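Chain residues, written in single-letter form:
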Amino acid sequence: MLPRRCPSTAQARQSRALIIVNTDFCCSAGDVVLGARRGAKREAEKLSKALSELNYKVKLMHNSTAKEMEDLYQQECSREHGDFFVSIISSHGEEGAVFGSDCKPLQLSRIFQILSPQNCPVLTERPKVFFIQACRGGALDQGVFLETDSGQPEPCSFSEYLRIPPNTAVMFACSPGYGAFLNPSGSSFLQALLRALDGEERSLALGRLATRLNGDVALRFQARGTFEGCKQMPCFVTNLPREVFPFSAMSESHRLLPCPALQGGPEEEERQPGCKKSQAM
């Protein structure tokens, strides 16, 4: 484990981190249509602590509706920011969207639009890094690769990636169309991120850190029980023009190196009142 280092006194502003974790879901009628996400809140609290120790000013929100999530990103446009902006979203999701605690989807393209240079000038030159723990579909990764010369190809979701703002990197817990696993101990993806933030990996450039996270999740994780043997593979997408070091304990944010182009390849407020259990989950 690397020692924590004190922030430089020359750094006038702290970098900001926004963590949104949704664990309990209620629709407008009060029915629970999405299952509770046990283990996610504690995991988010650990991430908040880890980022705080790396001199980030962290805002942790629990059980936010889709509109509240949108508003949180709008608020970041009027904040003072340091060298980086980091956001972690942990919720239920589908391809291209994450769900608020009201079971309504928030399109990722809407978040990226809010943080675009036109709408958020303060973040234009600052690297923006997202980690998204949410399902992107219902498929399960069986850990094997099958070749076929027939059948229809899967819909391409690359167009969604083109909507990310400049100077942005997004790391998803899973590949397009697949589910992201969560158990009471946490998610394999964010647990891997926690290990990296607490170890020597945090001093790596973001691209190398993402590769380490890919390997950690792919090699360590294997589902048990109903989904016995299923695997998970994160996906990293970036349009950052150079390497950045958002978690370095040595304040290496200005050590910018040329970076080659990288492309990317079932998952603080209080619980919503008035929920009742649904008969069909």
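To be clear, the structure that these remarks concern was listed above.
Keep in mind it's a predicted model, so treat the numbers as computed, not measured.

Draft legend 1. Representation of the sheet that holds strand β1 (residues 15-21) in the model. Sheet architecture is open: six strands sit in the order β2-β1-β3-β7-β8-β11, paired in mixed fashion. At either end of the open sheet lies a strand with only one pairing partner, and these are β2 (56-62) and β11 (235-238). Direction aside, neighbouring strands of the sheet carry axes that sit 10° apart on average. Bridge count between strand β8 (residues 168-172) and β11: four bridges; the pairing is antiparallel. Opposite Met 171, over in β11, you have Phe 236 as the bridge partner. Most of the contacts of helix α1 (residues 40-53) go to β2, to which it runs at about 165°, and overall it touches β1, β2 and β3 (85-90). Contacts from helix α5 (residues 188-197) reach β3, β7 (128-133) and β8, with the element oriented near 135° to β7.

Draft legend 2. Fine view of the pairing of β8. Most of β8 sits inside the fold, with five of its five residues counted as buried. Here β8 shows two buried faces, one formed by Thr 168, Val 170 and Phe 172 and the other by Ala 169 and Met 171. In this sheet, β8 lies alongside β7 in parallel orientation, the contact comprising five bridges. Along β8, the bridge assignment pairs Phe 131 with Met 171.

Draft legend 3. Structural view of unusual backbone geometry. Of note in this structure, Asn 55 is not a glycine but carries a positive phi near 70°. By secondary structure assignment, the location of Asn 55 is in the loop between α1 and β2.

How each quantity is defined
Residues numbered from 1 in each chain as written. Predicted model: local features only at pLDDT ≥ 70, side-chain atom pairs only at ≥ 80, totals over all residues. Heavy atoms only, no water. Pairing = 2+ DSSP bridges. Helix = DSSP H or I, 4+ residues; strand = E, 2+ residues; numbered from the N terminus. Axes fitted to C-alpha atoms, helices over the stretch in contact; angles between N-to-C directions. Contact = heavy atoms within 4.5 Å. Buried < 20%, exposed > 50% of the residue type's maximum accessible area, 1.4 Å probe, protein only.

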